[in-house]
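Reading the structure
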Amino acid sequence: MITRVRAMKPQELAAAAFRLREIGIVLALLVVVVFFSIRADNFLTASNWQDIAQNVSIVVVVAVGETFVILTRNIDLSVGSIVGLSGYLVAATLAHHPGVPIEVVALISIAVGVGLGLVNGLLVAVARIPAIIATLATLAIFRGIHAEITGGKNITAYQLPDRFLSLAASKPLGFPALAWIAVVVAVIGAATLRFVPWARDFYAIGSNPDAARFAGIAAARRVITAFVLSGALAGLGGFLFASRFPTLDSGAATGFELTVITAVVIGGVNVFGGSGTILGVVLGAVLVATISNGFTLLRLDEFWKIFFNGFAIVAAVAIDALVTRRLQEALRRRRVALVSSQPQAAEA
Amino acid sequence: MRRRTLVLIGFAVVAAAAVMATLGTAGTSKTRYKIFILPKATGIPVFTQNGNGAKKAGKELGDLVTYNGPTTVSGAAQVPFIDTATRQGYNAIVISTPDANAVAPALKRAAKRGVKIISYDGDTARDARTIFVAPSTNSLIGAYEVQWMGAQTNYKGQIAILSANATSANQNTWITFMKQELRKPKYRNMKLVKIAYGNDDPTTSAQQTQALLQSYPNLAGIIAPTTVGIQAAAQELKQEGKCGKVQLTGLGLPNDMRKYVKSGCTTKFGLWNESNLGYLAAYVAHNVLDGKLSGALGQSFKAGTLGTFKVVQSDGNKPVVVLGPPLVFTPQNIDKYHF
Amino acid sequence: MRGVAGRVLVRWETLLVVAIVAVGIWSVTLSPFFLQRANLLDLVTPYVFIGLMAFGLTFVVITGEIDISVASTLAVSIVSFAQIFAAGANVWVAALIGLAIAGGLGLVNGLLVGVLDLPSLAVTLGTMAAYSGLAFVILSGEGVATFPEGFTKLGGGYLANDELPVALLVMLFFALVLGIVLHGTRFGRYLFAIGSNREAARLSGIPVTRVRVTVFVISGLMAGVAGLVYVGYFGSARADAAQLSLLDIVTAVVLGGVGIFGGTGSMPGVLLALILVAEVRNGMQLANFSGQLQNIVIGVILLAAIVAGNVIAGIRAGGGRTRPRRSRKEVTSNAPAETQVLVDSNS
């Protein structure tokens with residue numbers, strides 16, 4: 001008598017583990033919310049949460065793009081510079097041509113981001129420069145171009161048309177406009193990764209680049225696409241940044257890439273590529289923003305926030321790596337069990 | 001094999017260096033003075049205005065005036081400019097620094113090589129410069145800002161200061177005088193609850209303002225003695241709909257603030273003519289180079305179209321040349337100023 | 001090409017020397033002040049702290065890892081040193097403690113990467129942020145800026161009629177010492193072996209874990225030394241020190257011919273590359289380029305250095321055909337291929 005043991009397929013086991021990851025973030029979020037509601041006044045007010053939502057929205061938009069890149073086992077350090085440069089161009093355009101419709105300006109911003117992302121993609125996929133080096137260089141190059149364009153001046157809020165400035169203040173249905181945009185971007189991003197074939201390839205490329213190539217995936221083209229998307233979303237982020245912080249100088253959004261990558265890593269995206277979800281990233285961003293807000297309400301020094309961010313990245317990476325290792329061991333054991341109990345079982 | 005090639009490389013390097021060193025020349029020709037204006041950062045509008053004023057003075061005096069500096073506000077970032085200016089043969093460096101002590105060693109190095117150091121706006125350590133050109137009397141600036149805030153808040157409530165850099169000499173001096181003014185009995189119902197630092201960065205200043213509003217929901221007013229800070233705070237207050245509920249004052253550029261004055265975000269703030277400040281600083285540098293000013297108190301000189309000035313002791317700091325009393329901007333006169 | 005001449009001419013270091021001379025000629029056209037002895041000797045002084053960190057980073061990169069937390073390590077090191085000194089300790093004692101702290105921070109990286117086997121990019125990304133925040137917590141805002149003359153001489157002092165910078169001597173000293181360790185000791189050979197093929201190195205008896213932990217400690221210690229020079233030259237110890245220096249450090253390492261995937265590199269190369277970077281920056285400064293424009297140039301140099309390295313590797317591999325660089329992560333990946341699961345995202 002052969003008992004058929006229906007073990008979980010590897011994919012299901014992995015998926016369950018990643019579900020666990022998101023649940024983990026939600027739990028952490030709950031703990032944080034409870035902690036701060038007790039310890040800090042005004043934490044649970046509507047206006048405070050509107051503030052959090054608004055602050056997190058720009059991060060989420062750019063983090064979706066960064067996720068695409070990190071899934072392919074690359075990284076994009078230049079997103080901060082892209083946000084700054086495109087944001088400045090948005091402001092400069094509106095300052096000199098106040099009649100231009102806001103939608104057009106947003107498209108310009110995205111287009112600039114696409115161009116810059118394309119540069120990154122070509123450097124990584126065609127010139128074969130490791131992403132960490134390539135985007136470290138473009139971080140400096142894009143920032144330098146930005147600074148040269150400003151010519152030592154800045155654009156001040158008073159130079160911008162009111163209908164643009166009011167975008168950041170408007171709250172349709174009580175939810176900040178910027179946050180609505182972030183939600184839409186996140187949903188589209190998640191749907192893309194789930195349903196669009198070439199986007200699903202990101203996971204394959206990140207998990208095992210050679211296997212992906214053997215399977216016929218045009219890895220180079222996918223990587224370029226990932227960087228272009230990252231750039232495009234950073235461009236959109238620049239538009240949102242300009243509306244939220246309408247005075248822009250050559251240093252705008254410096255260091256922003258760290259905030260974005262923190263959200264992505266804490267959201268469960270593996271730095272080695274191959275796994276992660278948009279939902280996790282959104283939750284990660286919200287978690288970081290909530291803790292930051294809580295620190296502010298507790299009147300803690302600014303710098304504890306920076307320290308905590310870094311510590312959180314290390315912790316998240318360590319936990320993820322250890323969990324992955326456990327998962328791998330579990331998978332190995334299950335395979336052994338499957339093979340020994342069912343000699344004719346086909347491996348998925 | 002490796003060792004041999006390494007030795008050969010070594011020889012090549014040393015040989016090249018020796019050749020270049022022996023070719024070294026020295027000396028520059030001095031047909032007119034070369035003055036280097038070094039701001040806290042080049043991207044901040046008030047410094048651009050200083051620079052333009054200085055260049056105007058340079059044209060009148062026949063001196064070469066160069067305006068350059070780091071793009072981020074940092075004392076350490078100014079150090080390479082000081083060293084290079086020395087090597088490029090500049091006769092004087094006119095510097096405004098966010099970190100009085102950080103630039104002192106570099107300035108002393110320059111001074112040892114004959115370069116005259118004049119500070120303006122953001123003072124350096126006292127032994128590192130010949131004369132400090134102050135935009136106004138510090139005690140006046142500090143006191144006025146508190147007075148303006150008191151008038152706007154009816155002399156009661158929690159107030160916060162949104163400053164620039166924690167290491168900035170002028171910021172800290174003004175804050176000291178603000179605290180001194182606050183000790184007067186008529187401010188007994190006003191309490192300074194926090195000093196936040198925006199680092200002269202528009203985004204940081206906006207975020208710090210939001211943080212102030214979040215952590216002190218009953219905040220009555222914000223004093224921002226920085227043109228970058230006050231503008232960012234005004235925009236943030238407007239965005240959050242808090243204009244008129246949270247009062248705002250400080251030092252600001254009329255062009256920047258005009259819209260916010262008209263929407264009631266602030267009814268009184270001040271500054272000075274930034275272009276004139278740069279103009280005056282250049283004239284001071286020129287006179288120091290001419291030997292007419294040595295830093296001794298009481299010496300006087302003429303600064304072009306601005307008139308005659310004297311070297312004085314001001315609020316315990318010396319030697320100082322003061323531009324004049326602060327300009328006060330209100331809804332009534334704001335349209336008269338265009339800088 | 002045959003013989004010594006052939007081997008000399010095609011070496012990366014030779015190209016660097018040529019570049020140094022070429023940039024020198026360009027700098028002279030920009031400003032006659034370039035060739036002044038005082039200027040030439042002082043060329044590298046503002047960048048010595050970068051060079052010292054580049055030397056330390058070289059060790060890490062040769063083993064196939066990366067450490068982007070060096071600048072933050074410097075910051076923590078100097079603010080700790082400053083606080084201890086301000087509390088009344090002797091300046092040299094405080095400096096030693098600062099160095100020890102720097103080494104400790106490197107040890108944390110080493111343990112996370114070497115023992116726990118976590119990816120060095122992610123780890124040092126996290127420690128970079130954590131250490132940076134820690135620096136601000138230790139010494140927020142103000143900074144300390146009065147140190148005794150004897151100490152500041154290390155970074156900002158000059159000998160021989162005020163023209164020979166002490167910092168230059170410090171840098172040459174460490175270049176020599178670290179160069180000997182890297183190229184002339186067994187430990188150094190271990191680094192190259194691990195960088196080329198970690199598993200093979202482990203199998204041949206090299207104490208891989210211990211070596212990997214040690215290189216991060218070295219990287220941390222060098223950041224500490226760099227910090228001491230930094231304080232001497234810039235005259236202040238602040239938490240935001242050296243924040244933007246990572247670009248130059250990585251450029252010096254890559255331009256110095258150190259293979260970014262590990263296994264190749266030379267200390268003389270990094271030293272020459274650092275001199276070249278300093279020379280380029282000095283030239284740009286003399287030409288009154290803005291700081292940001294300078295960064296564009298350095299960024300382009302960084303990219304060009306990698307591309308040049310790829311091209312040369314391709315030429316060596318087989319006459320013109322560019323051989324795709326093997327992915328570092330495939331060789332040193334912690335995750336055996338069988339367990340790489342291709343996952344559906346939201347299923």
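Data block above holds the structure.
Residues numbered from 1 in each chain as written. Chains lettered and ligands numbered in written order. Predicted model: local features only at pLDDT ≥ 70, side-chain atom pairs only at ≥ 80, totals over all residues. Heavy atoms only, no water.

**With respect to the overall build of chain A**
Helix and strand content of chain A: 13 helices and 0 strands. For chain A, the α and β elements follow one another from N to C terminus as α-α-α-α-α-α-α-α-α-α-α-α-α. Taking 348 residues into account, the globule formula puts the C-alpha radius of gyration at 20 Å, and chain A, at 22 Å, falls close to it. For chain A, the C-alpha atoms occupy an extent of roughly 80 × 55 × 35 Å along the three principal directions. Buried positions account for 59% of the 348 residues belonging to chain A. Long-range contacts, defined as pairs at least 24 residues apart, comprise 79% of the intrachain contacts of chain A with a sequence gap of at least 6. For chain A, the accessible area works out to roughly 13800 Å², and carbon and sulfur atoms hold 69% of it. Charge centroids of chain A, computed over 26 positive and 18 negative side chains, lie 10 Å from each other. (Helix = DSSP H or I, 4+ residues; strand = E, 2+ residues; numbered from the N terminus. Rg over C-alpha atoms; globule rule 2.2 N^0.38 Å. Buried < 20%, exposed > 50% of the residue type's maximum accessible area, 1.4 Å probe, protein only. Contact = heavy atoms within 4.5 Å. Areas by Shrake-Rupley, 256 points an atom, 1.4 Å probe, with all protein chains shown as cover. Lys, Arg positive; Asp, Glu negative; His and termini not counted. Charge placed at Lys NZ, Arg CZ, Asp CG, Glu CD.)

**Thoughts on helix α8 (residues 197-207) of chain A**
Residues and elements named next belong to chain A. For α8, the buried fraction is high: 8 of the 11 residues fall into the buried class. Within α8 the residues assigned to the buried category are Ala199, Asp201, Phe202, Tyr203, Ala204, Ile205, Gly206 and Ser207. In this structure, the buried side of α8 is in contact with α2 (46-71), α7 (177-195), α9 (209-214) and α10 (219-244).

**Structural notes on the packing of aromatic side chains**
Counted by the stated rule, this structure contains 27 aromatic pairs over all chains. For the ring pair C:Phe81 and C:Phe85, a centre distance of 6.4 Å and an interplane angle of 20° mean the geometry is stacked. Taken together, the positions of C:Phe81 and C:Phe85, both in helix α5 (residues 70-86) and 4 residues apart, correspond to about one turn of that helix. Aromatic ring contacts, followed pair by pair, group A:Phe35, A:Phe36, A:Phe43, A:Trp49, A:Phe295 and A:Phe308 into a single cluster. Cation over ring: A:Arg73 sits above A:Phe272, and NZ or CZ is 5.6 Å from the ring centre. Against the face of B:Tyr90 rests B:Lys34, its NZ or CZ located 4.9 Å from the ring centre. (Phe/Tyr/Trp six-rings, centres within 6.5 Å; stacked < 30°, edge-to-face > 60°. Lys NZ or Arg CZ within 6 Å of the ring centre and 35° of its normal.)

**Quick look at the state of the cysteines**
All names here are of chain B. This structure, assessed with the given rule, holds 1 disulfide over all chains. Between the sulfur atoms of Cys243 and its disulfide partner Cys265 the distance amounts to 1.8 Å. For the disulfide bridge between Cys243 and Cys265, the dihedral angle about the S-S bond is near 90°, and by the sign convention the bridge is right-handed. Taken together, the residues Cys243 in the loop between α8 (227-240) and β9 (247-250) and Cys265 in the loop between α9 (254-262) and β10 (269-271) connect sequence positions 22 residues apart. Under the relative-accessibility criterion, Cys265 is labelled buried at 1%. (Disulfide = S-S within 2.5 Å.)

**Here's the deal with the sheet that holds strand β13 (residues 312-314) of chain B**
Residues and elements named next belong to chain B. Read from one edge of the open sheet, 7 strands run β2-β1-β3-β4-β5-β14-β13, paired in mixed fashion. Two strands in the sheet have a free side with no partner beyond their single neighbour: β2 (64-67) and β13. Taken over all neighbouring pairs, the strand axes of this sheet differ in orientation by 35° on average, direction set aside. Of the pairings in the sheet, the one linking strand β5 (residues 131-134) to strand β14 (residues 317-322) comprises 3 bridges and is parallel in character. When the bridges of β14 are listed, Val133 appears paired with Val321. Each of β1 (34-38) and β3 (92-95) is contacted by helix α3 (residues 75-87), which is oriented at about 180° to β1, the strand it contacts most. (Pairing = 2+ DSSP bridges. Axes fitted to C-alpha atoms, helices over the stretch in contact; angles between N-to-C directions.)

**As for the nonpolar core**
Core analysis: the biggest nonpolar cluster contains 252 residues, and A:Phe239, B:Ile93, C:Leu52 and C:Phe55 have the highest contact counts within it. For this core, the element with the most residues is helix α12 (residues 208-234) of chain C, which contributes 15 residues. Setting aside anything within four residues of it in sequence, one finds C:Phe55 in contact with C:Met171, C:Phe174, C:Ala175, C:Leu178, C:Met267, C:Val270 and C:Leu271. Counting 75 residues, the second-largest nonpolar core is a separate cluster that includes B:Ala92, B:Ile222, B:Tyr279 and B:Leu293. (Core = buried A, V, L, I, M, F, W, Y, C linked by side-chain atoms within 4.5 Å.)

**What to know about the interface of chain C and chain A**
Each partner contributes to the interface: chain C provides 55 residues, whereas chain A provides 55 residues. Interface of chain C and chain A: buried area, both sides summed, is about 5000 Å²; carbon and sulfur atoms make up 73% of it. Our count for the chain C to chain A interface comes out at 0 salt bridges. Summed over the shared surface of chain C and chain A, the number is 2 residue pairs in polar contact (both at pLDDT 80 or more). Residue assignment for the side of chain C that touches chain A shows that the elements contributing at least two residues are α7 (120-138), α13 (246-255), α15 (291-318) and α16 (328-332) of chain C. (Buried area = accessible area lost by both parts, 1.4 Å probe. Salt bridge = Lys/Arg side-chain N within 4 Å of Asp/Glu carboxyl O. Polar contact = N/O pair within 3.5 Å; in protein donor to acceptor, adjacent residues only side chain to side chain.)

**As for the pattern of salt bridges**
Residue and element names in this part refer to chain C. With the rule as written, the count across this model stands at 20 salt bridges over all chains. Note that Asp117 is salt-bridged to Arg198, the shortest N-O span being 3.5 Å. Of the two residues, Asp117 is situated in the loop between α6 (91-115) and α7 and Arg198 in helix α11 (residues 198-203); the sequence distance between them amounts to 81 residues. On the basis of relative accessibility, which here comes to 21%, the residue Asp117 falls in the partly exposed class. One salt bridge connects Arg281 with Asp248, and the closest N-O pair in it is separated by 2.7 Å. With a gap of 33 residues between them, Arg281 in helix α14 (residues 267-286) and Asp248 in helix α13 connect regions that are remote in the sequence. Residue Arg281 shares its accessibility class with Asp248, and that shared class is buried. Each member of the salt-bridge network shares a partner with another, and the members are Glu65, Asp117, Arg198 and Arg212.

**Here's the deal with the packing of helix α7 (residues 202-215) of chain B against α8(B)**
All names here are of chain B. The contact between α7 and α8 brings their axes to 8 Å, and the two run at 50°. Taken together, α7 and α8 sit at an angle that is classed as oblique. Judged by the twist between their axes, the crossing of α7 over α8 is right-handed. Between α7 and α8, the contacting residues are Pro202, Ser205, Ala206, Thr209, Gln210 and Leu213 on the first element and Val228, Gly229, Ala232, Ala233, Glu236, Leu237 and Glu240 on the second. Considering only residue class, the contact of α7 with α8 consists of 7 nonpolar, 4 polar and 2 charged. (Parallel < 35°, antiparallel > 145°, perpendicular 65-115°, else oblique. Left-handed = near helix turned anticlockwise from the far one by under 90°. Nonpolar A, V, L, I, M, F, W, Y, C, P; charged D, E, K, R; others polar.)

**Some thoughts on the packing of helix α3 (residues 79-96) of chain A against helix α4 (residues 102-125) of chain A**
Residue and element names in this part refer to chain A. Where α3 meets α4, the axes come as close as 9 Å, and the angle between the chain directions of the two elements is 150°. Between α3 and α4 the crossing geometry is right-handed. Contacts from Ile82, Leu85, Ser86, Leu89, Val90, Thr93 and Leu94 in α3 reach Val105, Ile108, Ser109, Val112, Gly113, Leu116 and Asn120 in α4. Grouping the amino acids of the contact of α3 with α4 by side-chain chemistry returns 9 nonpolar, 5 polar and no charged.

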